[in-house]
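The primary structure of each chain is shown beneath.
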Amino acid sequence: MKLSSLIKDDFLEKILVFDDFIEIKNGYIGDLLSEIMRNAQTDSIWITHQTHPNIIAVASIVEINTIVIPKGFEFEIETIKKAKENKINLLKSKYDIFKTSGLIYIKLSEEHNGGILR
């Protein structure tokens, strides 16, 4: 799925977007950085409560192209600067992490094989 397809649903606010035609093939939800490095897949969208600059380093290592934070959280200024340097897209949801995850999962599933993502 292209990031542009997800953004048009209007529940995600663009904080920093380099390429809205980038392909998102999977997603991962988590806050423990070592878990993300171990389990997240390349070309994923990462949904997290973490907002500090270390998330950009982890995203770069794993080749995650987009990070989403839920309602009530803000990216630190240094995180946005590092995201610019590493060309990582940053988004903020209008919803909590549970609803955000569900909406993204549904969208990915619909566009990926027209059904449940495995």
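Parameters and conventions
Residues numbered from 1 in each chain as written. Predicted model: local features only at pLDDT ≥ 70, side-chain atom pairs only at ≥ 80, totals over all residues. Heavy atoms only, no water. Buried < 20%, exposed > 50% of the residue type's maximum accessible area, 1.4 Å probe, protein only. Helix = DSSP H or I, 4+ residues; strand = E, 2+ residues; numbered from the N terminus. Pairing = 2+ DSSP bridges. Right-handed = clockwise from strand over helix to strand, strands pointing away. Core = buried A, V, L, I, M, F, W, Y, C linked by side-chain atoms within 4.5 Å. Contact = heavy atoms within 4.5 Å. Polar contact = N/O pair within 3.5 Å; in protein donor to acceptor, adjacent residues only side chain to side chain. Salt bridge = Lys/Arg side-chain N within 4 Å of Asp/Glu carboxyl O.

A look at the pairing of strand β4 (residues 66-69)
Next, step 1: Burial along β4 is two-sided: T66 and V68 and I67 and I69, pointing in opposite directions, are all buried.
Next, step 2: Direction of pairing for strand β3 (residues 44-47) relative to β4: parallel, over a ladder of three bridges. Counterpart to I47 in the pairing with β4 is V68.
Next, step 3: Bridge count for β4 against strand β5 (residues 89-93) is four bridges, and the pairing is parallel. Residue T66 lies in a different strand from β5, and its bridge partner there is N89.
Next, step 4: In this region the chain leaves β4, passes through helix α4 (residues 77-86) and returns to the parallel neighbour β5; the handedness of that crossover is right-handed.

So, the nonpolar core
Next, step 1: In terms of nonpolar packing, the biggest core is built from 18 residues, with W46, I67 and L90 touching the most fellow members.
Next, step 2: Of all the secondary-structure elements, those providing two or more residues to this core are α2 (33-39), α3 (54-62) and β4.
Next, step 3: In this structure, L90 is in contact with E13, K14, I15, L16, I56, I67, F75, T79, I80 and A83, ignoring residues within four places of it in sequence.
Next, step 4: With 14 residues, the next largest nonpolar core counts L6, V68, I104 and L108 among its residues.

What about the environment of S60?
Next, step 1: Looking at the secondary structure, you find S60 in helix α3.
Next, step 2: Assessed through its relative accessible area of 29%, S60 is described here as partly exposed.

Notes on the side chain of N89
Next, step 1: Mapped onto the fold, N89 is located in strand β5.
Next, step 2: In this structure the side chain of N89 is engaged in a polar contact, spanning 2.8 Å, whose partner is the backbone nitrogen of F18.
Next, step 3: The contact partners of N89, leaving out residues within four places of it in the chain, are L3, L16, V17, F18, D19, I22, N65, T66 and I67.

Concerning the pattern of salt bridges
Working definition: two side chains of opposite charge can pair if their charged atoms are close together.
Next, step 1: In total, this model carries five salt bridges according to the counting rule given.
Next, step 2: Note that D10 is salt-bridged to K94, the shortest N-O span being 3.7 Å. Taken together, the residues span a long stretch of sequence, with D10 in the loop between α1 (3-7) and β1 (12-16) and K94 in the loop between β5 and α5 (97-111) at a distance of 84 residues.
Next, step 3: One salt bridge connects K25 with D43, and the closest N-O pair in it is separated by 3.7 Å. On the criterion of sequence distance, the pair formed by K25 in the loop between β1 and β2 (26-29) and D43 in the loop between α2 and β3 is long-range, its members being 18 residues apart.

Everything listed here is a matter of geometry and, on its own, says nothing about what the molecule does.
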